[in-house]
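# Observations on chain architecture
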Amino acid sequence: MTTTTPELVLEARGLVKRYGHVVALDETDFEIRQGEVLAVIGDNGAGKSSLVQCLAGAVQPDEGELLIGGQQVTLKSPVEARHRGIETVFQSLAVSPALDIASNIFLGRELRMPGIAGTVFRRLDKKRMREESLAVMSQLGLQTLQNIGQSVESLSGGQRQGVAVARAAAFGSKVVILDEPTAALGVKESGRVVKLIQDIKARGIPVILISHNMPQIFEVADRIHIQRLGKRVALVDTADIDMADAVAVMVGAKTPAELGLAR
Ligand SMILES: Nc1ncnc2c1ncn2[C@@H]1O[C@H](COP(=O)(O)OP(=O)(O)OP(=O)(O)O)[C@@H](O)[C@H]1O
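Just so it is clear, the structure is predicted and the values come from calculations on it, not from any experiment.

Turning our attention to the overall build of the protein chain. On a plain count of helices and strands, the protein chain comes out with 9 helices and 10 strands. Across the 263 residues in the protein chain, those meeting the buried criterion constitute 46%. Restricting to contacts in the protein chain with at least 6 residues of sequence separation, those with at least 24 account for 66%. On the protein chain, roughly 12,500 Å² of surface is accessible, and the fraction owed to carbon and sulfur atoms is 52%.

Written as structure tokens, this is what we have:
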């Protein structure tokens, strides 16, 4: 039986990012394939955030190339990345607390009324935004949020996270990037985010998950990208490594070669 490798969705080759004398990314490679949840792990300062920021268009690499679906691209801003289907939930949760859930989900992409009301008077189609938000939220299993007109500041941390992830899931047509989505959350709320990740995957959208939470990674990720000193030192199927060895490679206590891992 032949097994075909799923298509590459997003790829980086030889990315370099320097901040003065600090080399945050030192010729790192990256790939995510169709249908997978890919975890990115690494010690503090390994370059995880720098990598995500390059993939999300938030910073420009000094060297190297980015490819979407095999085509070389330059992402000049997160807006451009979004237009290309890459949706990111950054570490600093970018939701606007005073706005309601629907407005947050459509922030920067507001739907306008049809006809002159929308094109000339720029009137927002709040009804349609609420309906579509509700559809996305319930598709993602967030039925507990019955009132889509509720302001985000009245939500718990986990529910806010849910809104940010729902927004990413709603618009991330190619890939969703979650940078430490559960760092500030309790056990129950983290569980909900895990479920959201599984739901996004079930909708056929690959997910990049940057996390320090090893049990969560082993629960949800198909493959693990191990970042160390600005480089990808290993890219491994989760089934082929255990938590202790993943951590050992991450901190440099074991070499990937010792474990027979490919880069
Ligand atoms: N804007 C910046 N200006 C200067 N140095 C930076 C900047 N961003 C990152 N760095 C440096 O680049 C290196 C990699 O940082 P990065 O935040 O990418 O690592 P990380 O793996 O995400 O770390 P952490 O887990 O602590 O968030 C670090 O030494 C960091 O201090």
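Moving on from the coordinates now.
What follows deals with the pattern of salt bridges. Scanning all chains against the criterion turns up 14 salt bridges. Note that aspartate 222 and lysine 201 form a salt bridge whose closest N and O atoms lie 3.1 Å from each other. On the criterion of sequence distance, the pair formed by aspartate 222 in the loop between helix H8 (214-220) and strand E9 (223-228) and lysine 201 in helix H7 (residues 187-202) is long-range, its members being 21 residues apart. The exposure class of aspartate 222 is partly exposed, given its relative accessible area of 28%.

It is worth spelling out the side chain of threonine 28 at this point. Examined against the element boundaries, threonine 28 turns out to sit in strand E2 (residues 22-33). With residues up to four places along the chain from it excluded, the contact list for threonine 28 reads Ala12, Arg13, Gly14, Leu15, Leu51, Gln227, Gly230, Lys231 and Arg232.

An order of E6-E7-E8-E3-E9-E10 is seen for the 6 strands of this open sheet, with the pairing classed as mixed. Each end of this open sheet is capped by a strand with a single partner; those strands are strand E6 (86-89) and strand E10 (231-237). Averaged over neighbouring strand pairs, the angle between their axes works out to 20 degrees when direction is ignored. In this structure, strand E3 (residues 37-42) lies alongside E9, joined through 5 bridges in parallel fashion. Within E9, the residue paired with isoleucine 41 across the bridge is isoleucine 226. Contacting E3, E9 and E10, helix H9 (residues 243-251) runs over the sheet at an angle of about 25 degrees to E9.

This next bit is on the site of the ligand. Near the ligand the following residues occur: Tyr19, Val22, Ala24, Asp43, Asn44, Gly45, Ala46, Gly47, Lys48, Ser49, Ser50 and His212. Interatomic distance of 3.3 Å between a side-chain N/O atom of asparagine 44 and an oxygen atom of the ligand. Side-chain polar atom of lysine 48 to an oxygen atom of the ligand: 2.8 Å apart, as the coordinates give it. Every element with two or more residues in the shell around the ligand is listed here: E2 and helix H1 (48-55). Among the residues forming the shell around the ligand, the class breakdown is 4 nonpolar, 6 polar and 2 charged.

Along the chain, the position of aspartate 245 falls in helix H9. Aspartate 245 sits in the buried class, given a relative accessible area of 18%. In contact with aspartate 245, not counting residues within four places along its chain, are Lys254 and Leu259.

Rules and cut-offs
- Residues numbered from 1 in each chain as written.
- Predicted model: local features only at pLDDT ≥ 70, side-chain atom pairs only at ≥ 80, totals over all residues.
- Heavy atoms only, no water.
- Helix = DSSP H or I, 4+ residues; strand = E, 2+ residues; numbered from the N terminus.
- Buried < 20%, exposed > 50% of the residue type's maximum accessible area, 1.4 Å probe, protein only.
- Contact = heavy atoms within 4.5 Å.
- Areas by Shrake-Rupley, 256 points an atom, 1.4 Å probe, with all protein chains shown as cover.
- Salt bridge = Lys/Arg side-chain N within 4 Å of Asp/Glu carboxyl O.
- Pairing = 2+ DSSP bridges.
- Axes fitted to C-alpha atoms, helices over the stretch in contact; angles between N-to-C directions.
- Near = heavy atom within 4 Å.
- Polar contact = N/O pair within 3.5 Å; in protein donor to acceptor, adjacent residues only side chain to side chain.
- Nonpolar A, V, L, I, M, F, W, Y, C, P; charged D, E, K, R; others polar.

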